[in-house]
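# What the coordinates show
The lines below spell out each chain.
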Amino acid sequence: MDADQLPWTKIRYKPCGSASHHSRRQPKCIQTETNIHRYSSDMASSSSSSSSSHVTLPIIFFFVALLLLSSLSPAISDSDSRLPANQTFRPERELQKLRRVGAYLRKVNKPAVKTIQSPDGDMIDCVLSHHQPAFDHPQLKGQKPLEPPERPRGNDSADAASESFQLWSVSGESCPEGTIPIRRTTETDVLRANSIKRFGRKRRPRIVRRDTTSSDHEHAVAFVNGDQYFGAKANINVWAPQVTDQYEFSLSQLWVISGTFGNDLNTIEAGWQVSPELYGDGYPRFFTYWTTDAYQATGCYNLLCSGFVQTNNKIAIGAAISPRSSYNGRQFDIGIMIWKDPKHGHWWLEFGSGLLVGYWPAFLFSHLRSHASMIQFGGEIVNTRSLGSHTSTQMGSGHFADEGFGRASYFRNLQVVDWDNNLIPLSNLHLLADHPGCYDIKAGTNKAWGNYFYYGGPGRNARCL
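Residues numbered from 1 in each chain as written. Predicted model: local features only at pLDDT ≥ 70, side-chain atom pairs only at ≥ 80, totals over all residues. Heavy atoms only, no water.

### Observations concerning the state of the cysteines
Applying the stated criterion across every chain, the model contains three disulfides. Across the disulfide from Cys-126 sits Cys-175; the S-S distance is 2.0 Å. Disulfide Cys-126-Cys-175: the torsion about the S-S bond is -80°, which places it as left-handed. Highlighted residues: Cys-126 in strand S2 (residues 123–128) and Cys-175 in the loop between strand S3 (165–166) and strand S4 (179–183), separated in sequence by 49 residues. Its relative accessible area of 0% is what places Cys-126 among the buried residues. (Disulfide = S-S within 2.5 Å. Helix = DSSP H or I, 4+ residues; strand = E, 2+ residues; numbered from the N terminus. Buried < 20%, exposed > 50% of the residue type's maximum accessible area, 1.4 Å probe, protein only.)

Okay, here's the thing in structure tokens:
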């Protein structure tokens, strides 16, 4: 498959006595009218005592009344300029939006048997496994999570020394057996999104092809294609890259892909990401994603819709990863493996040293019901050009691939799963950087790391404008 097929991958003034909601103006208006009538009466009584005033008093009364009316007109004009005709309905629209947000939160936040507060402010709800959002799906209602499948042969998940952990579990708290930990979604989370409908979903790239110069998604990736793939595995170096705009993100992930790279694109994705819009902070977080229509209407992040079925009570999808790597300091990575269960056809996810997280049911997909046609590893950022130039949002560590270990971010031990459920090394690995002056990639092979690559960059710089 050609690289150019890649899936590149927000009053009118009312007279006195009318039923206006600006009642604060009515007392002034009523008092003014009273004064006018009182002044008129006084003038009428005084006219009987002086015949000369018969000529001057009507004129005086006329000018006084004119002055009083003139004094009211600025208030009327000011009211018209500050209160648009539709302002009366704004509070109702806001209430309707909040009611929709509340309904969504009641749907996605399931009753908890225990709640754990994370040091980063997250609330982690321990929810009974059969009450999780996945079982809202019509084809899953009334079911329970499946038993673990057979893992691919050749899988060695004993690399615990390099495993990263999640911040919420640092205190030693955990969810009971029979429950799963779910990061609670808040009203603030939803209101940061452009719309409730798009909350928890990736923005669809404007184009799905190799040349992303007119797209706001940029990549530095390694990929294999031209065969049938039944899974993939890698260890991903964890950093906390700077994201400079709320509506941008920086992620490092593994893609399992199938389809024609048009509207029928199927993907399964997992890794870590920094997304201020989705999470409200700059922490790197473990995430998952899926779509069956090129990010249009299906799929979502994490457990924010019916789809992924979680089976593990130790991993909270969407929760912050800790510790993270530091420049010229200690390095940490997470193991990610996705593979197709040969028996039932579901796509399973493993995190770290052998922790089964859960699965995507086969019926969610079209092309991926059979196999994947491409496996992709690497980084992606969103470049909104909100300041009129290329973003300074970082990818990976924020440093270019040439800087190497301890400075540039890496993927190591890249493998794929074949038709017979075996993990095998990669062959014919392709590299692609959309904008190498902004983010680049450099690959290698050795006995310790197998297939690996360094990738990333700072974004805006002298070679990236």
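### A closer look at the environment of Gly-154
Within the secondary structure, Gly-154 sits in the loop between S2 and S3. Owing to a relative accessible area of 60%, Gly-154 belongs among the exposed residues under this scheme. Gly-154 sits 267 residues away from Asn-421 along the chain, and the two C-alpha atoms are 9.1 Å apart.

### Notes on the pairing of strand S15 (residues 372–382)
Most of S15 is tucked away: eleven of the eleven residues are buried. Relative to S15, strand S5 (residues 217–229) runs antiparallel, the two sharing ten bridges. Within S15, the position partnered with Phe-223 by the bridge is Gln-376. Here strand S7 (residues 250–258) pairs with S15 via eight bridges, running antiparallel. Paired with Trp-255 across the strands is Gln-376, a residue of S15. (Pairing = 2+ DSSP bridges.)

### Quick notes on the packing of aromatic side chains
Inspection of the entire model under this criterion finds 18 aromatic pairs. Ring centres 5.8 Å apart and planes at 85° place the aromatic pair Tyr-104 and Phe-199 in the edge-to-face group. Placement of the pair is Tyr-104 in helix H3 (residues 90–108) and Phe-199 in the loop between helix H4 (187–192) and S5, with a sequence separation of 95 residues. The same class applies to Tyr-104 and to Phe-199, which are both buried. When the ring of Trp-290 is compared with that of Phe-365, the centres are 6.0 Å apart and the planes differ by 80°; the resulting orientation is edge-to-face. Here Phe-365 lies in the loop between strand S14 (355–360) and S15 and Trp-290 lies in strand S9 (residues 285–291), a separation of 75 residues in the sequence. Across the pair, exposure class does not vary: Trp-290 and Phe-365 are buried alike. What links up through ring pairs into an aromatic cluster is the set Phe-405, Tyr-410, Trp-449, Tyr-452 and Tyr-454. For the cation-ring pair, Lys-202 lies above Tyr-289, with the distance from its terminal atom to the ring centre recorded as 5.5 Å. The side chain of Arg-463 reaches across the aromatic face of Phe-400, ending 5.0 Å from its centre. (Phe/Tyr/Trp six-rings, centres within 6.5 Å; stacked < 30°, edge-to-face > 60°. Lys NZ or Arg CZ within 6 Å of the ring centre and 35° of its normal.)

### Things to note about the pairing of strand S20 (residues 450–456)
The side chains of a regular strand alternate, first on one face of the sheet and then on the other. Where burial is concerned, most of S20 is hidden: six out of the seven residues are buried. Inspection of the sheet shows strand S19 (residues 440–446) paired to S20 by seven bridges, in the antiparallel sense. By the bridge assignment for S20, Asp-440 is matched with Gly-456. The turn linking S19 back onto S20 is made up of three residues.

### Thoughts on the environment of Gly-271
Structurally, Gly-271 can be placed in strand S8 (residues 266–274). Among the residues examined, Gly-271 registers a relative accessible area of 0% and is labelled buried. In this structure the C-alpha to C-alpha distance between Gly-271 and Tyr-289, which are 18 residues apart in sequence, comes to 9.2 Å.

### What about the confidence of the model for the chain?
In the predicted model, the chain carries a mean pLDDT of 82, and the fraction of residues at 70 or more is 77%. Here residues 1–88 is a poorly scored stretch, pLDDT under 50, and it has 86 contacts once near neighbours within four places are set aside; other chains count. Contacts from residues 158–164, a stretch scored under 50 in pLDDT, to residues over four places away or in other chains number 20 contacts. (pLDDT = per-residue confidence, 0-100. Contact = heavy atoms within 4.5 Å.)

### Section: the pattern of salt bridges
Tallied over the entire structure, the rule returns 17 salt bridges. Two residues, Arg-285 and Asp-120, come together in a salt bridge whose shortest N-O distance is 3.5 Å. Separated by 165 residues along the polypeptide, Arg-285 in strand S9 and Asp-120 in the loop between strand S1 (114–117) and S2 bring together distant segments of the chain. Residue classification places Arg-285 among the buried residues on the basis of a relative accessible area of 0%. We classify Asp-120 as buried; its relative accessible area is 15%. The shortest N-O distance in the salt bridge between Lys-202 and Glu-269 comes to 2.5 Å. Remark: Glu-269 occurs in strand S8 and Lys-202 occurs in the loop between H4 and S5; sequence separation between them is 67 residues. Taking relative accessible area as the criterion, Lys-202 reaches 2% and is therefore assigned buried. (Salt bridge = Lys/Arg side-chain N within 4 Å of Asp/Glu carboxyl O.)

### Describing the side chain of Asp-281
Relative to the helices and strands, Asp-281 is located in the loop between helix H5 (276–279) and S9. Overall, the relative accessible area of 18% leaves Asp-281 in the buried class. A polar atom in the side chain of Asp-281 sits 3.2 Å from the backbone nitrogen of Tyr-283. (Polar contact = N/O pair within 3.5 Å; in protein donor to acceptor, adjacent residues only side chain to side chain.)

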